[in-house]
Amino acid sequence: MKTYKAKRQGFINYLLISCLLLPIVIFFLDKDTFSERPFILLPLLSPLVLLFWIYVDTSYKIENNELTYRSGFLRGRIGIPNIKEIKKGKTMWSGIKPALARNGLIIKFNKNDEIYIAPEDNYELISDLLNKNPGIKITE
């Protein structure tokens, strides 16, 4: 079993920082708001908790001839023999994206399924997948 960390760069970092700064800015603008109504923190901090969970939990594994992905509530397994093609250095803007960055890998599997992942090192994951299934077509 080998684990691959997700590349964490770009928009997710800015989103996380802005969700963290919003309650702080509101606190400094009106300090009485949180002391009089502390329940206001719940809707402000719940997106932060969700984004932090996704940020920390995103990873990919190769185990038992399967590629396992997890990113917050998105989890799944892809049989490595079912992988037909990998497009490297691309970004998929719709569909299943358990990824935090651009320029990752689009993995096409089964008949018409595809998923976008973004490990820290695309080449390491590709070479490990090719060791398990040398019939995978690699495109740029």
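Residues numbered from 1 in each chain as written. Predicted model: local features only at pLDDT ≥ 70, side-chain atom pairs only at ≥ 80, totals over all residues. Heavy atoms only, no water.

Chemist: Looking at this model, I keep getting lost on the overall build of the protein chain. Mind explaining?
Modeler: From N to C terminus, the protein chain includes 4 helices and 8 strands. Listed by position from the N terminus, the elements making up the protein chain come as β-α-α-α-β-β-β-β-β-β-α-β. For a compact globule of 140 residues, the expected C-alpha radius of gyration is about 14 Å, and the protein chain comes in at 19 Å, more than 25% above that figure. Along the first, second and third principal axes, the C-alpha atoms of the protein chain reach 65 × 25 × 25 Å. Considering the protein chain as a whole, with its 140 residues, one finds that 40% of them fall into the buried category. The contacts in the protein chain between residues at least 6 apart in sequence include a share of 50% that link residues at least 24 apart. When the accessible area of the protein chain is evaluated, it comes to approximately 8,600 Å², of which 58% is carbon and sulfur surface. Across the protein chain, 20 positive and 14 negative side-chain charges occur, with their mean positions spaced 5 Å apart. (Helix = DSSP H or I, 4+ residues; strand = E, 2+ residues; numbered from the N terminus. Rg over C-alpha atoms; globule rule 2.2 N^0.38 Å. Buried < 20%, exposed > 50% of the residue type's maximum accessible area, 1.4 Å probe, protein only. Contact = heavy atoms within 4.5 Å. Areas by Shrake-Rupley, 256 points an atom, 1.4 Å probe, with all protein chains shown as cover. Lys, Arg positive; Asp, Glu negative; His and termini not counted. Charge placed at Lys NZ, Arg CZ, Asp CG, Glu CD.)

Chemist: Looking at this model, I keep getting lost on the pairing of strand β5 (residues 83-90). Mind explaining?
Modeler: Inspection of the sheet shows β5 paired to strand β6 (residues 104-109) by 6 bridges, in the antiparallel sense. Counted as the bridge partner of I83 is F109 from β6. (Pairing = 2+ DSSP bridges.)

Chemist: Would you explain the side chain of N133 in this entry?
Modeler: Along the chain, N133 turns up in the loop between α4 (122-132) and β8 (137-139). Given the relative accessible area of 13%, N133 is considered buried. A polar contact is formed between the side chain of N133 and the backbone nitrogen of G135, at a distance of 3.1 Å. Discounting residues that sit within four places of it in the chain, N133 has contacts with I80, P81 and I83. (Polar contact = N/O pair within 3.5 Å; in protein donor to acceptor, adjacent residues only side chain to side chain.)

Chemist: Explanation requested: unusual backbone geometry in the structure shown.
Modeler: A negative phi angle characterises most non-glycine residues, just as the trans form characterises most peptide bonds. Positive phi outside glycine occurs at N103, with the angle close to 60°. If you trace the backbone, N103 turns up in the loop between β5 and β6. Residue class for N103 comes out partly exposed when judged on its relative accessible area of 40%. For N110, which is not glycine, the phi torsion reads 55° and is therefore positive. Inspection of the secondary structure puts N110 in the loop between β6 and β7 (113-117).

Chemist: Just checking my understanding: could you explain the sheet that holds β5 for this structure?
Modeler: In a beta sheet, neighbouring strands pair by backbone hydrogen bonds and run either parallel or antiparallel. Spatially, 4 strands are ordered β7-β6-β5-β8 in an open sheet, and the strand pairing comes out mixed. At either end of the open sheet lies a strand with only one pairing partner, and these are β7 and β8. When the angles between neighbouring strand axes are averaged without regard to direction, this sheet yields 20°. In this structure, β5 lies alongside β8, joined through 3 bridges in parallel fashion. Bridge pairing links K87 to T139 in β8. Contacting β5, β6, β7 and β8, α4 crosses the sheet at an angle of about 170° to β5. (Axes fitted to C-alpha atoms, helices over the stretch in contact; angles between N-to-C directions.)

Chemist: Help me out: how do you make sense of the environment of L44 in this one?
Modeler: Residue position: L44 is located in helix α3 (residues 41-57). When the C-alpha positions of L44 and C19 are compared, they lie 7.6 Å apart, and in sequence the two are 25 residues distant. Each residue touching L44, except ones within four places of it in the same chain, is listed here: C19, L22, P23, I26 and F34.

Any functional reading would require information beyond the geometric quantities listed.
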